[in-house]
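Summary of the model geometry
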Amino acid sequence: MEKKNIYSTMSAQEKAGIIRSWLEEHHARDAVFFDLQGANPLAEVMALATATSVRHARSLADGILELCREHNFEFLRMEGYQAGLWILVDLNDIIIHIMQEAERNLYHLESLWRDAEPLPDERHS
């Protein structure tokens, strides 16, 4: 009997495009996506986005969870939801950091992946 894949077979890069569009539609600021394929064992894509408030951060995290349900993306866990200052959403092949501006400026996670290729926004190419 053939085992059926219960999750989407879309590439991480294709999923990232859907997530990027959704984040922009829901007013996340300064969303950046890094292609880590072959360079990082934790994920193929790392994403960062800025939320304007704790409520906005939680709303973005909730929306991503719903987006995962709609598109059958694998969802592993979410951390930091209660405080809402830095919410990590782990989709196995994509890790999304939703941060308040102060936290994003303080930790400057982009510097961790400065050698990684930014994923282009296919809609604006």
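Everything discussed here concerns the structure shown above.
Chains are numbered independently. Their residues run from 1 in the order of the written sequence. Since the coordinates come from a predicted model, pLDDT governs what is reported: local features require at least 70, and pairs of side-chain atoms require 80 or more to be given and counted, while whole-chain, interface and lining totals use all residues. Calculated side-chain values reflect all of the structure's heavy atoms, with hydrogen atoms and water omitted.

Take the packing of aromatic side chains next. Two aromatic rings from Phe, Tyr or Trp, using only the six-membered ring of Trp, form a pair when their centres are within 6.5 Å; if the ring planes differ by under 30 degrees the pair is stacked, by over 60 it is edge-to-face, and anything between is tilted. In the structure shown here, the tally under the stated rule is two aromatic pairs. Judged by centre distance (6.0 Å) and plane angle (40°), the rings of F34 and W113 are tilted. With F34 in strand β1 (residues 29–35) and W113 in the loop between α3 (101–107) and β6 (117–118), this pair connects stretches of sequence that are 79 residues apart. The same class applies to F34 as to W113, namely buried. The interplanar angle of 45° and the centroid separation of 5.0 Å between the aromatic rings of W86 and Y107 together place this pair among those described as tilted. On the criterion of sequence distance, the pair formed by W86 in strand β4 (residues 86–90) and Y107 in helix α3 is long-range, its members being 21 residues apart. For each residue, the accessible area found with a 1.4 Å probe, counting protein chains only, is set against the maximum for its type, and the residue is called buried under 20%, exposed over 50%, and partly exposed in between. When its relative accessible area of 45% is taken as the criterion, Y107 is described as partly exposed. Charge-over-ring contacts are defined here by two conditions on Lys NZ or Arg CZ: a distance within 6 Å of the ring centre and an angle within 35 degrees of the ring normal. It is R58 that lies over the ring of Y81; its NZ or CZ is 5.8 Å from the centre. For helices the rule is a DSSP run of H or I covering at least 4 residues; for strands it is a run of E covering at least 2, with both sets numbered from the N terminus onward.

Take the nonpolar core next. Soluble globular proteins: nonpolar side chains tend toward being buried together. Only buried residues count toward a nonpolar core. Its members are Ala, Val, Leu, Ile, Met, Phe, Trp, Tyr and Cys residues joined through side-chain atoms within 4.5 Å. Ranked by size, the top nonpolar core spans 26 residues in total, and within it I19, L23, F33, I96 and I98 carry the most contacts. Elements represented by at least two residues in this core include exactly α1 (12–25), β1, β2 (45–51), α2 (54–71), β4 and β5 (94–100). Grouped together as the second largest cluster of nonpolar side chains are 11 residues, L48, L88, I95 and L109 included.

Since one α-helical turn is 3.6 residues long, residues separated by three or four positions face the same way. For α1, with 14 residues, the first-to-last C-alpha span of 20 Å sits near the 20 Å given by 1.5 Å per residue. Residue contacts follow a heavy-atom distance rule, with two residues in contact if any of their heavy atoms lie within 4.5 Å. In this fold, the buried residues of α1 make contact with β1, β2, α2 and β5. Every helix has an expected span of 1.5 Å times one less than the residues it contains.

What follows concerns the environment of A57. Summarising the element assignment, A57 is placed in helix α2. Its relative accessible area of 0% is what places A57 among the buried residues. Along the sequence, A57 and I87 sit 30 residues apart, while their C-alpha atoms lie 7.3 Å from each other. Beyond its immediate sequence surroundings of up to four residues, A57 is in contact with A51, G84, I87, I98 and Q100.

In this structure, β1 lies alongside β2, joined through five bridges in antiparallel fashion. For F33, the partnering residue across the bridge sits in β2 and is A47. When DSSP finds at least two bridges between two strands, those strands are taken to pair. One ladder, built from two bridges, connects β1 with β6; its direction is antiparallel. What sits directly across from D35, in β6, is E117.

Turning to the sheet that holds strand β3 (residues 77–79), a few remarks are in order. The six strands lie next to each other as β3-β4-β5-β2-β1-β6, forming an open sheet whose pairing is mixed. Both outer strands of the open sheet, β3 and β6, are each paired with one neighbouring strand and no more. Pairing of β4 with β5 involves five bridges; the strand directions are antiparallel. Looking at β5, one finds that L88 is bridged to H97. Contacting β2, β3, β4 and β5, α2 runs over the sheet at an angle of about 165° to β5. To get an axis, a line is fitted to the C-alpha atoms, and for a helix only the part in contact is used. The angle between two axes follows their N-to-C directions and goes from 0 to 180 degrees.

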